Each structure stands twice: as structure tokens, then as C-alpha cells.
Amino acid sequence: MMVKYDLIIARYGEVGLKSPKVRSRFEKKLLSNIKSAFDCEVKVSQGRIFINPSNFKEALQGLGKIFGIVSFSPAIGLETDRGEITSKLEGYVDELEAEGSISSKTSFAIRCRRVGEHEFTSQELAGYAGSVVIKKTDSPVDLTNPELEIFLEVRDNETFIYHQKISGPGGLPVGTQGKLVALLSGGIDSPVATYLMMKRGCQIIALNFNNDPFTSQVSLEKVQKIVEKLREYSPGVKLDLKVVEYGEYLQNCKVKAPEKMTCVLCKTGMYRIAEMVARREGAMGIVDGSSMGQVASQTLPNLMVTRHAVKIPILSPLIGMDKVEIENMAKEIGTYDISIIPDGGCSAVPRYPETNADLERVLDAQESMDMDGELKNALKSLKKK
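Residues numbered from 1 in each chain as written. Predicted model: local features only at pLDDT ≥ 70, side-chain atom pairs only at ≥ 80, totals over all residues. Heavy atoms only, no water.

J.: Which residues make up the pairing of strand β11 (residues 240–245), and what values do they have?
T.: When you tally the buried positions in β11, you get 5 out of 6 residues, the bulk of the element. Examined bridge by bridge, strand β10 (residues 203–210) and β11 share 6 bridges and lie parallel to one another. Each bridged residue has a counterpart across the sheet, and for Ile205 the counterpart in β11 is Asp240. With helix α6 (residues 217–231) bridging β10 and the parallel β11, this β-α-β connection has right-handed handedness. With 2 bridges joining them, β11 and strand β14 (residues 383–384) adopt antiparallel strand pairing. (Buried < 20%, exposed > 50% of the residue type's maximum accessible area, 1.4 Å probe, protein only. Helix = DSSP H or I, 4+ residues; strand = E, 2+ residues; numbered from the N terminus. Pairing = 2+ DSSP bridges. Right-handed = clockwise from strand over helix to strand, strands pointing away.)

Here is the structure:
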């Protein structure tokens, strides 16, 4: 036997700290995203979101991927009346006991929170509710470190009972902070960086550079699977994937410029094209998976040189993280297993890549290969996948 819930109570964090006008806008977007994730009726009241889903299992899975929600609880609702509270709490405890969540050996605590005017204090209600539980189970009370917490949330004439607080992803609702173009590969890092900017409320346009023939078809297939996974965190907000055929440009980098500069010129071109796409799409910045010193193109001199000509912000949320931290986050969000599918890597990487690029020499190399013309040509291949 399982507890039969009536609704889900969800809570937000940062949204509640905004000015009234901004908070209202963010709340509306959050509600819209929830309704796009699963079939439900939803409303917000006094800092809480009350959700009546058609399918509880689907709703509980979906809420764990909606940015802006810090926690949520399946609950039962009732009238704020002592007799009603007694009856419903007794039934709730019976169901907890039947599913093995409480017994005579389980220490417990009642946590009571009230909004509105009532004839009782929170402490009085907690004491009374505790006595109801003790009569049913003879369980010991432990207010400091209980094995089970039962929550009573009283809101004027409505009361809600629950015992779980399930963590949500937090952050800000996707779609409240404008658009970014994300440089997305099939590797481990860039999906995590993209996820983190989605968590900050940004809508994403994923941009992949297909390096065929220097990479395999598997690489593009991985990117498409990663985008599908990231879309799970973007209900109600479009997440497009656009692909640039980049092999010809990369070949010219190898042939018409010093080979050791291939990675620097490759990344420079990616940033430049991403800026062009951003201006077309009304995006205000670029996000990538750079982590300081992790690969040749991510040394400090190379970061400076590759970003030199770009006039919109380039955000690198992983810049101070190490590989283990990034991998752990990739596992948490579900992209890691896709990213580690073998794809052969990029065969265009030189044996000894440039790690300390000099801006003047790089600009000379760009001129020698007619970078502007090559990038315009590459941009013509841009397609939505």
C-alpha cells in the first residue's frame, strides 16, 4: 500500500528574491514550463506552486528537471479543522506504516508551518499532531535528528500533509535570461557548460561543427543524442540544433597556415561563426566548455587569441573546474554515457599543437588562409537538424 496523494507542492528559491514585477514574470514562465513538461493544473500562491498532475509518476520525474524549482513534495490536502487534521493524519500514518516508512522504533518529528490567522500556534499544532502519531504507532519523538519528518503546512483554511522534500535543480526558469549560442560537441565538457547556462535561465541554440572527414559520423550522432537529453531540461522553451560543415575550413587551416596552429585557428573560426549565428538569431552571447589548461586551445594565451575578434560575451562556466568535477556533473545530468561513446576523436589535431599563441603570428596566419572568406563559405552550410 502506498500513500495516495492529492497534489504536489513545489518551491522556488531565487525567483522569490526578485522585485514584484520581475518575480511575477518569472513565476509565469515557471508555470508555463511546468505545464509544458506534463499534463497538469497549476497555480502559484504565497511563494508555493500547487500542482495537480494527471500522472503523479510522470510529474515527479519531470519536476526534477525543471529549472527554478528547488524542492517539491507530494502531499494530501484537507480543510484546516482539528477533526479533519486528526482523521487525515491518522490515515496518512496508517499508509506510511503499511509501506514501512514508520514503526514503533522509528523516531519522528512534526514540522509545522502556518500562513494566516488561526486559533492555535504552530507549536501547539505540532504538539497535537505528534500525539496523534504516538497513539497510532507508539514511535519515539526526536526533534533534533529524527528518522522521519512529517510536515504540516497550514495556509489559511487549507492544510497540507507530506513527509518528503525532493530536491529540484534550482536556478532560474529557462527562457527568462535571453538566448545563447552554445558550442556543442560530442565530448563531456560542452554539454555540462550548456546545462549550467540553461540553469541560469538561458535559452540555448546548440551549434555543432561537423569536422568530417576528420571526425566520424558517430560524432554527429552523439551530438544529436546529447541535444535530446538537454531538451529534457528545457520544457516549454525551444532548443534548436544547428550544424556547420567545417571539414573544408579545417583542411585549409592545415594546408594554408602553420600546422601547429590548427587547433587555435579551428577554435577561432568556431567563435567567429558562433558570433554570426548569434547576431542572426538575436542571441546575446556564446557559451563553450573551456576549462583552463585542459587542452591546447584552452591555455590562457590561446583563450585570449581565439577570442580576440569576437565582440559579444563568451561565457565559460567550467573555466575553473577540473575534469573529475565536470565528469561527475555530466553523470548527474545524464550526458556522460553518451559523451564517452567511442567516436575516434579528431584526426586534424597536430602532433605538437600551439599552446602559447602569439596574436600577431596568428593574425598573419589568418590572413594567409583568407579566414574571412573561408568562414563565410562555411557559414553557407549552416543547417538546422
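Structure shown, so let's carry the discussion forward.
J.: How would you sum up the packing of aromatic side chains? Please name residues and give values.
T.: For the coordinates displayed, the defined rule picks out 8 aromatic pairs. Where Phe67 meets Tyr195, the ring centres are 5.2 Å apart and the plane angle is 70°; that geometry is what we call edge-to-face. Highlighted residues: Phe67 in the loop between α2 (56–63) and β4 (69–79) and Tyr195 in helix α5 (residues 189–199), separated in sequence by 128 residues. Given a relative accessible area of 1%, Phe67 falls into the buried group. Positioned above the aromatic ring of Tyr128, the side-chain terminus of Arg82 is 4.4 Å from the ring centre. (Phe/Tyr/Trp six-rings, centres within 6.5 Å; stacked < 30°, edge-to-face > 60°. Lys NZ or Arg CZ within 6 Å of the ring centre and 35° of its normal.)

J.: Tell me about the environment of Ile34, residues and numbers included.
T.: In this structure, Ile34 sits in helix α1 (residues 20–37). Distance in space between the C-alpha atoms of Ile34 and Leu63 is 7.4 Å, their sequence separation being 29 residues. Those residues in contact with Ile34, other than ones at most four positions away along the chain, are Cys40, Ile49, Ile51, Leu63, Ile66 and Ile69. (Contact = heavy atoms within 4.5 Å.)

J.: Pulling in residues and values, what's your account of unusual backbone geometry?
T.: The step from Asp212 to Pro213 runs through a cis peptide bond, and the omega angle for that step is 15°. As for its position among the elements, Pro213 is in the loop between β10 and α6. Positive phi, normally seen in glycine, also occurs at Asp370, with a value near 55°. Residue position: Asp370 is located in the loop between α12 (359–368) and α13 (371–379). The exposure class of Asp370 is partly exposed, given its relative accessible area of 47%.

J.: Please provide a residue-by-residue account of the sheet that holds strand β9 (residues 179–183), values included.
T.: Ordered by their spatial adjacency, 6 strands build an open sheet running β13-β12-β9-β10-β11-β14, and the pairing between neighbours is mixed. At either margin of the open sheet sits one strand with a lone partner, and together these are β13 (314–315) and β14. Alignment of strand β12 (residues 286–287) against β13, held across 2 bridges, turns out to be parallel. Looking across to β13, one finds that Val287 is bridged to Leu315.

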